[in-house]
Amino acid sequence: MKVLHVIPSLSPALGGPTQVALQTVKALRTQGIEAEIVTTNHNRATLADLSSTTPVEYEDVPVWFLPVTSTLKEYFFSTRLTKWLWKHTANYDLLDNHYLFSYAPTCAAAIARRQKIPYTVRTQGQLTPWALKQSRWKKRLYTLAIEYHNLHQAAAIHCTTQQEAIDLRNFGIITPAITLPLGIELTTPIPDATRKLREQFEIPCDRQIILFLSRLHPKKRPDMLIKAFQQLADSNPLYHLVMAGSGDSAYEQYLQQLAEKYDLGDRITFTGFVTGYSKNLLLQGADIFVLPSYSENFGIAVAEAMASGLPVIITSGVQISNDIAAANAGIVVNSQPELVNAIRQLLESTTIRSRLAKNAVKLTQDKYSWDIIARQLIEHYRQVVKK
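Residues numbered from 1 in each chain as written. Predicted model: local features only at pLDDT ≥ 70, side-chain atom pairs only at ≥ 80, totals over all residues. Heavy atoms only, no water.

S.K.: Help me understand the overall build of the chain in this model?
M.R.: Helix and strand counts for the chain come out as 15 helices and 14 strands. A compact globule built from 387 residues should have a C-alpha radius of gyration of about 21 Å, and the chain, at 21 Å, falls within 12% of that. Along the longest, intermediate and shortest principal axes, the C-alpha atoms of the chain span 65 × 40 × 40 Å. The long-range fraction of contacts in the chain, counting pairs at least 24 apart against all pairs at least 6 apart in sequence, stands at 70%. Carbon and sulfur atoms form 51% of the exposed surface of the chain, whose accessible area is close to 17000 Å². Here the chain carries 40 positive and 33 negative side-chain charges, and the mean point of each set is 8 Å from the other. (Helix = DSSP H or I, 4+ residues; strand = E, 2+ residues; numbered from the N terminus. Rg over C-alpha atoms; globule rule 2.2 N^0.38 Å. Contact = heavy atoms within 4.5 Å. Areas by Shrake-Rupley, 256 points an atom, 1.4 Å probe, with all protein chains shown as cover. Lys, Arg positive; Asp, Glu negative; His and termini not counted. Charge placed at Lys NZ, Arg CZ, Asp CG, Glu CD.)

In structure tokens form, the structure reads like this:
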């Protein structure tokens, strides 16, 4: 079977979805599926003049990078991508489209229908009530003109949680849904990660570290975490907050100004975007992980933290919160006072942290293994192609 994954961009700055695409294709290829990715060269100027006759080996995955024509509002229009899809779509048994309200998956769906190639769609949290309120009228117009048709004509919609499937139905889509979680790539343990983290980021060795690792975006509510931390900082001088991630420069500046307003300049570390060794060091060397997001269809960073043995604190807006609560693998909160209390509770009790961390590792091993998920996804692909 030959499968093409279509995604607007593989820029690491866009967060978890780009890693999901890469890891999904890697897992499928391990299982013998001839899977590839086509995308734009957004944030990759050195790839602007690549030939479109062969894919590039990128992070152990064959990827077709086509020059982006316009990046307006992350729409990533590309005339070269359009021509490539017209020419090559018929060479695949199935298309797996990532994202809504963006040019690449929209174009791929239209061409796939024209060439009678089945395609699936990953909504990736873009149908949650919070997400639909953002740029509301633009999304309504785009939906009426294009997206409803793309979703109704898809062979299946890939949802990562039961709540995402509910959001799909509430949006008025009756297309069959595949509910299958995402996988987690296990990392190599870093010896003495606790000490090395503090050395690398120049944090005193006696500090307990609260880790936020995600895009710095209003949806993730990093400002709520800073405000909660301000309440905690007064009661314990050994607490330290690490904000790992990047975002819009104006929003980053707002968060830094917020830290200065609360006189927390030496108690909060802004690392900027992290990946590779530095990211793994943060996950393995911190004490707890916090993501107070309004809305996450899955929350790949949360799952990565659990796989690394970190106890997590999340909001119910993170759609794997039910799994986490049922497995006693973390704490689910819904307000700033609850967040403050949860952080204090974990940092004051090594027993609770140890218990939650143990359960978190077991949950990720049992439910979020790429090997298991890839086999299930292949079976869904086969059913789609057979129909």
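Having seen the model, we can carry on.
S.K.: How should helix α1 (residues 16–30) be read in this particular structure?
M.R.: Because the α-helix completes a turn every 3.6 residues, residues three or four places apart line up on one side. Helix length check: α1 (15 residues) gives 21 Å between terminal C-alpha atoms against 21 Å at 1.5 Å per residue, within 8%. Along α1, the positions that sit buried rather than exposed are Gly16, Thr18, Val20, Ala21, Leu22, Gln23, Thr24, Val25, Ala27 and Leu28. Looking one or two residues beyond α1, the residue adopting positive phi is glycine 32, at roughly 95°. (Expected span 1.5 Å × (residues − 1). Buried < 20%, exposed > 50% of the residue type's maximum accessible area, 1.4 Å probe, protein only.)

S.K.: Hey, could you run me through the packing of helix α8 (residues 222–233) against helix α9 (residues 249–261) in this one?
M.R.: Working note: a packed helix pair is described by the angle between its axes plus the distance between those axes. Axis separation between α8 and α9 bottoms out at 10 Å; the angle between their running directions is 5°. When the interaxial angle is binned, α8 and α9 end up roughly parallel. Contacts from Pro222, Asp223, Ile226 and Lys227 in α8 reach Tyr251, Tyr254, Leu255 and Leu258 in α9. Tallied by class, the residues present in the contact of α8 with α9 amount to six nonpolar, no polar and two charged. (Axes fitted to C-alpha atoms, helices over the stretch in contact; angles between N-to-C directions. Parallel < 35°, antiparallel > 145°, perpendicular 65-115°, else oblique. Nonpolar A, V, L, I, M, F, W, Y, C, P; charged D, E, K, R; others polar.)

S.K.: Teacher, can you tell me more about the pairing of strand β4 (residues 61–66) here?
M.R.: Regular strands place side chains that alternate from one sheet face to the opposite one. In terms of residue burial, β4 counts as a mostly covered element, since six of its six residues are buried. With burial as the criterion, each face of β4 is covered, one bearing Val61, Val63 and Phe65 and the other bearing Pro62, Trp64 and Leu66. Two elements, strand β2 (residues 34–40) and β4, share four bridges in a ladder whose sense is parallel. Directly across from threonine 39, in β4, lies its bridge partner phenylalanine 65. Both strand β3 (residues 56–58) and β4 contribute to a ladder of three bridges, which runs antiparallel. Paired with glutamate 57 across the strands is proline 62, a residue of β4. Taking the residues between adjacent antiparallel strands as the criterion, β3 and β4 are bridged by two residues, where glutamate 59 takes a positive phi near 50°. (Pairing = 2+ DSSP bridges.)

Interpretation note: all reported values are geometric properties and have no functional meaning in isolation.
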